[in-house]
Amino acid sequence: MLETAEKEREAMRSEAESAAVRVDRLEREVDYLETQNPAPPCVEVDETLMEKQVATAKQRKNEKYTKLTDCSDTIASVRAMKILKRFGSTSGLWTKDAAGNSEKIYVFDGTANDTVYVFPRMREFTLFSATRKAARIKLPYPWVGTGHLVYDGHLYYIRQQGPFQVIKFNLANKTVVDSSVFPAEEQIPVFGLSPFTYIEVAADEEGLWAIYATKEDEKNIQLAKLDPTSLDIEQMWDTPCPRENAEGAFVVCGALHVVYNTRLPSRARVQCVFDVSGTLAPEDASLVYFPKRYGSHSSMKYSPRERQIYAWDDGYQIIYRMEMKKKLEV
């Protein structure tokens with residue numbers, strides 16, 4: 001009996017040592033995974049922090065902007081239009097990475113969801129009517145509207161939980177990197193003809209921008225410069241561009257271009273341009289008309305590296321190639 005008990009004790013010791021080795025290996029793997037996939041930041045709304053962000057942003061409101069680049073171009077006309085296909089809902093968003101060299105196509109179907117479709121290249125997106133060739137990214141929080149942006153390997157998307165939040169999502173490791181309550185009170189839809197979009201995140205040669213509107217100045221559109229790393233608001237401006245009959249907007253070389261239409265869709269046109277640096281003379285801003293299409297734009301994403309706009313028009317995905325010209329400085 002003693003001999004048997006000794007054998008059982010040795011077997012248990014061996015199993016315990018083996019279990020300790022496995023636990024140690026598991027702890028090392030968990031440590032590695034935590035370094036690759038950092039814990040998502042808290043996205044609960046801190047009312048005190050929000051008030052401080054609003055106050056700080058308002059202090060720099062309507063200051064003249066100092067440009068980061070020597071970009072001096074403005075839009076002269078729409079050089080060409082290419083209709084790719086008809087896909088998904090009447091409203092949505094499709095785009096490439098506005099800063100990186102990736103050829104991937106990102107598709108947001110509809111105006112509220114938690115899934116993003118990713119096609120490897122334009123060819124796959126164009127040729128296949130179904131989403132079987134697309135990867136699916138299920139986001140941790142649902143998105144609203146069509147004002148989202150892919151920029152330098154990150155997705156900046158809009159979440160509504162009480163106040164609106166900008167979520168920064170790493171597309172490589174599929175984690176939330178940062179989030180910020182947008183420091184604007186009593187927000188309203190930014191475009192009169194697109195009631196589902198409250199914040200339009202845009203990119204140009206100067207970086208990231210947020211286009212929005214509030215009840216305080218409900219007639220006109222407002223603009224803010226975003227820090228892409230921290231999501232802080234660097235500057236804010238009240239623009240003279242009205243919300244009424246606006247269907248979309250984008251920024252080119254530091255100048256906001258607002259696109260207008262009518263309730264019964266006709267030819268969309270850029271009818272208001274606001275240059276934050278004051279280097280574009282008002283009379284130099286071209287009245288740019290877009291070719292007549294199917295309905296109205298639910299999204300228009302300018303690509304600064306390609307100098308073209310990715311538009312979603314009544315379920316059709318369209319590319320507008322832009323003709324540029326130099327600004328005539330004030």
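Residues numbered from 1 in each chain as written. Predicted model: local features only at pLDDT ≥ 70, side-chain atom pairs only at ≥ 80, totals over all residues. Heavy atoms only, no water.

Caption draft 1: Looking closely at the sheet that holds strand S15 (residues 255-260). With antiparallel pairing, four strands are arranged side by side in an open sheet as S14-S15-S16-S17. At either end of the open sheet lies a strand with only one pairing partner, and these are strand S14 (246-252) and strand S17 (288-289). Pairing of S15 with strand S16 (residues 269-275) involves six bridges; the strand directions are antiparallel. In the strand pairing of S16, Tyr-260 is matched with Arg-269. (Pairing = 2+ DSSP bridges. Helix = DSSP H or I, 4+ residues; strand = E, 2+ residues; numbered from the N terminus.)

Caption draft 2: Examining the side chain of Asp-97 more closely. Here Asp-97 lies in the loop between strand S2 (92-95) and strand S3 (105-109). We note that Asp-97 is buried and unpaired, the nearest opposite charge coming from Arg-305 at a distance of 5.8 Å. There is a polar contact of 2.9 Å between the side chain of Asp-97 and the backbone nitrogen of Ala-99. Polar contacts involving the side chain of Asp-97 include one to the main-chain amide nitrogen of Asp-152, which spans 2.7 Å. Not counting residues within four places of it along the chain, the set of residues in contact with Asp-97 comprises Tyr-106, Val-150, Tyr-151, Asp-152, Gly-153 and Arg-305. (Buried < 20%, exposed > 50% of the residue type's maximum accessible area, 1.4 Å probe, protein only. Lys, Arg positive; Asp, Glu negative; His and termini not counted. Salt bridge = Lys/Arg side-chain N within 4 Å of Asp/Glu carboxyl O. Polar contact = N/O pair within 3.5 Å; in protein donor to acceptor, adjacent residues only side chain to side chain. Contact = heavy atoms within 4.5 Å.)

Caption draft 3: Up close: a nonpolar patch on the surface. Together, Met-81, Ile-83 and Tyr-294 make up a nonpolar patch on the protein surface, roughly 250 Å² of accessible area in all. Inspection of the secondary structure puts Tyr-294 in the loop between S17 and strand S18 (297-303). When its relative accessible area of 43% is taken as the criterion, Tyr-294 is described as partly exposed. (Patch = residues over 30% accessible without salt bridge, like charges linked within 9 Å, V, L, I, M, F, W, Y side chains within 5 Å. Areas by Shrake-Rupley, 256 points an atom, 1.4 Å probe, with all protein chains shown as cover.)

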